[in-house]
Amino acid sequence: MATRLMKQERRGHPRIPEQVELSLQHDRAALQAETKNLSASGVYCMVDSFLPPMTKLQVDFALPHGASAARIRCTGVVVRVDPILSSLDRWRYSIGIFFSDLSDRDRSAIAHYVKQRLSQAAS
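Values in this document were obtained by computation on a predicted structure and should not be read as measured data.

## Examining the overall build of the chain
At step 1: For the chain, the count of helices and strands is one helix and seven strands.
At step 2: Taken from N to C terminus, the helices and strands of the chain fall in the order β-β-β-β-β-β-β-α.
At step 3: Taken over 123 residues, the chain has a buried fraction of 35%.
At step 4: Intrachain contacts of the chain at a sequence separation of at least 6 include 52% that bridge at least 24 residues.
At step 5: Within the structure as shown, the chain displays about 8400 Å² of accessible surface, and the carbon and sulfur contribution to it stands at 52%.

## A short note on the packing of aromatic side chains
At step 1: Within this structure, the stated rule accounts for two aromatic pairs.
At step 2: Taken together, a centroid distance of 5.6 Å and an interplanar angle of 70 degrees make the contact between Phe50 and Tyr93 edge-to-face. Here Phe50, found in the loop between β4 (42-47) and β5 (56-65), pairs with Tyr93, found in strand β7 (residues 90-101); they are 43 residues apart in sequence, far enough to count as distant.
At step 3: A relative accessible area of 48% places Phe50 in the partly exposed class.
At step 4: Their ring planes at 20 degrees and their centres at 6.3 Å tell us that Phe61 and Phe99 sit as a pair that is stacked. In this pair, Phe61 sits in strand β5 while Phe99 sits in strand β7, placing the two residues 38 residues apart along the sequence. The same class applies to Phe61 as to Phe99, namely buried.

## Side note on the confidence of the model for the chain
At step 1: Residues at a pLDDT of 70 or more form 88% of the chain, whose mean pLDDT is 86.
At step 2: Within the chain, helix α1 (residues 104-122) has the poorest average pLDDT of any element, 88, and β4 the best, 95.
At step 3: Every residue in residues 1-9 scores below 50 in pLDDT, and together they form zero contacts with partners more than four places removed in sequence or on other chains.

## Here's the deal with the side chain of Ser94
At step 1: Tracing the backbone through its elements, the reader meets Ser94 in strand β7.
At step 2: Overall, the relative accessible area of 1% leaves Ser94 in the buried class.
At step 3: Only 2.8 Å separates the side chain of Ser94 from the side chain of Lys36, close enough to count as a polar contact.
At step 4: Setting aside residues up to four positions removed in sequence, Ser94 forms contacts with Lys36, Tyr44, Cys45, Met46, Arg80, Val81, Asp82 and Ile84.

The rules behind each value
Residues numbered from 1 in each chain as written. Predicted model: local features only at pLDDT ≥ 70, side-chain atom pairs only at ≥ 80, totals over all residues. Heavy atoms only, no water. Helix = DSSP H or I, 4+ residues; strand = E, 2+ residues; numbered from the N terminus. Buried < 20%, exposed > 50% of the residue type's maximum accessible area, 1.4 Å probe, protein only. Contact = heavy atoms within 4.5 Å. Areas by Shrake-Rupley, 256 points an atom, 1.4 Å probe, with all protein chains shown as cover. Phe/Tyr/Trp six-rings, centres within 6.5 Å; stacked < 30°, edge-to-face > 60°. pLDDT = per-residue confidence, 0-100. Polar contact = N/O pair within 3.5 Å; in protein donor to acceptor, adjacent residues only side chain to side chain.

Laid out in structure tokens, this is it:
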């Protein structure tokens, strides 16, 4: 008997395509990144330097919110690294960062923002 398998989404939080500037701190190095997508559990972003999986980072960004912005500061862990050849000899990296230490207030702010953006996209 043939069984049809359905692909299940493993993420617990919806994500949206969103470009937000991030500041990342690793050891004593500071990196700038821009998100490709965002959820209450993490971000997928682009960086110029290789960061191996399981690298712990300090993440800082402003979540757009009308005239003001909610400042999000947390700890994250690199869970995915995709190298991209951006020019003849220059590599960039798309990385997935899981928010490993995020306050309930900040997680709620991100979840609310994502929900708003999804509602706007649906209408």
